[in-house]
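# Structural features, examined
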Amino acid sequence: MAASDHETANFPLAGAVTGNRLDAAGEASRTDYPVLWLGLLSVLYNGILAFINHNIMPLSMTHVAASEGLIMASAIIYILHKGIYETDLPAFLFLLFTLVVTIYISVLNRLPFIDHFRNVLIIFCFTGLGSWSNEKTMKLAFRWASLVVLIFLIFEIISVPFYVSIVHPSDYFANTRGLLPMSFNKTGLFQNALGFPERFSFGIIDHRSSSIFLEQVSLANFCGVIAIYLISTWERLGRWDRLLCIGTAVLILVTNDTRTMLIFCFACIVGYFVFPKIPKNFNLALMPLIVAAGFLVYVLKPNATGDNFTGRINLTMKKIMELDPLAILGLSVDRIADFADSGYVYLIYGATIFGVIAFWLFVCLFPAGRTAAQRRCAHSLSLFIFLNMMIGGTAVFSMKIAGLLWFVVGYMRFHDSPRIRQGRAADVLS
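Residues numbered from 1 in each chain as written. Predicted model: local features only at pLDDT ≥ 70, side-chain atom pairs only at ≥ 80, totals over all residues. Heavy atoms only, no water.

Moving on, we get to the UniProt feature "transmembrane region" (unreviewed entry) in the protein chain. Per the UniProt annotation, the sites labelled "transmembrane region" (unreviewed entry) are residues 35-54, 60-80, 89-107, 144-164, 243-275, 281-300, 343-369 and 381-409. For residues 60-80, helix accounts for 95% and strand for 0%, while the C-alpha atoms at its two ends are 31 Å apart. Between the first and last C-alpha atoms of residues 343-369 the distance is 26 Å; the span itself is 85% helix and 0% strand. (UniProt positions renumbered as here; feature names shortened; annotations may be inferred. Helix = DSSP H or I, 4+ residues; strand = E, 2+ residues; numbered from the N terminus.)

This is the structure in structure tokens:
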């Protein structure tokens, strides 16, 4: 039986579980704790590991990788237990295509390279969790994640020594990433969070805030995830959830010194009214338009450099125009570390031009666009991803950000027709 965009097919393609048909009202009223904890851990696991590293025992990169692997393995087990249905095929086929590209790149370069596969696996896991989540579980995940981020942000603003005594970002990144602190960094903070005098700032604190994320870029991007969540679910949120999310986002914006997310959040405010009027498939034009705008900035200000908006755009455009022809076919993956600050170039080197096209199509076409709320989610997702890749690198692919981001995208895909696991017709017996 074919599944329409509105409903789940009765017959799963894999992982069917027999039993009585689940009652929709009962499902919506209970908290799905596995989904809730996996969603929360995607945001909090680095902070938890940092606490262990500083207060209990030293950790290494192996512990970080094992933690991510355990979260994703748990998500896969949950998804397979629920079953893979026809409506899940886009994410599944995207993952399968990425696996083929990963094998191709690894064989031709004689170098195991799984970064892009890991990024897409995160997308697969959390869109799957979100697609099975009910409204109560999703709200709880964002409520508790926002609350923890807000509490640690307040700790950091009030007393850096107290904040450092809990998670000590500098030691954590030294032990797990090999990023030793510079001699001038005596604060215990991650050195990139210290900023510099010429950088855009509201002047509220003397560094760029990091909260539970331990570094400033992920905290800035979490503000963008909150913005996507708010405009996608605004009409369904209660007063306290709205205040919590808005308060967290505003405090991030005024302490993190993030120009990109400040622009993005204003775009989301306007987009709340505008996005429902724009067809979802317009997203297909958004990435080419952003790249074209970047090229225009480069033509008008070819000498712009530095850690500012035009400087970061120019850096990405220069690297795009200097692309190694072999990189387009995935034959220069050994150079990928040079492009961690330029998302588009990094993606080309790590996934080939075909992987970039697949990623572009998935981001644009996977979100649903039937309702006004779904179109808000779809357009804000594309703007968030493609704008970030122009001025940044790999931050939007990390589990800390991608987890809840794709969780809400997966949820919104079914938000007006909640999924109910259904057994085979012969098994629906009391």
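A separate point is the layout of surface pockets. If you add up the space inside the second largest pocket, you get close to 380 Å³. Taken together, 17 residues make up the lining of the second largest pocket; nearest its centre are Leu230, Ile231, Ile246, Cys265 and Ile269. Mapped by element, the contributors of at least two residues to the lining of the second largest pocket are helix 9 (216-233), helix 10 (239-256) and helix 11 (259-274). The biggest single contributor to the lining of the second largest pocket is helix 11, with seven residues. By residue class, the composition of the lining of the second largest pocket is 17 nonpolar, no polar and no charged. (1 Å grid on protein atoms, 1.4 Å probe; cavity = no way out; pocket = protein on both sides within 12 Å on 5 of 7 lines; lining within 4 Å. Points joined across faces, edges and corners; volume = space filled by probe spheres on them. Nonpolar A, V, L, I, M, F, W, Y, C, P; charged D, E, K, R; others polar.)

Let's shift gears to the pattern of salt bridges. Tallied over the entire structure, the rule returns six salt bridges. A salt bridge links Arg118 to Glu68, with the nearest nitrogen and oxygen atoms 2.8 Å apart. With Arg118 in helix 5 (residues 115-132) and Glu68 in helix 3 (residues 61-82), the pair connects residues that are 50 residues apart, well separated along the chain. A relative accessible area of 10% places Glu68 in the buried class. Through salt bridges with shared partners, a single ionic network connects Glu135, Lys139 and Arg236. (Salt bridge = Lys/Arg side-chain N within 4 Å of Asp/Glu carboxyl O. Buried < 20%, exposed > 50% of the residue type's maximum accessible area, 1.4 Å probe, protein only.)

As a further point, take the environment of Trp234. Along the chain, Trp234 turns up in the loop between helix 9 and helix 10. Put simply, Trp234 and Tyr272 are 38 residues apart on the chain and 9.3 Å apart in space, counted from C-alpha to C-alpha. Residues in contact with Trp234, not counting those within four places in the same chain, are Arg242, Ile246 and Tyr272. (Contact = heavy atoms within 4.5 Å.)

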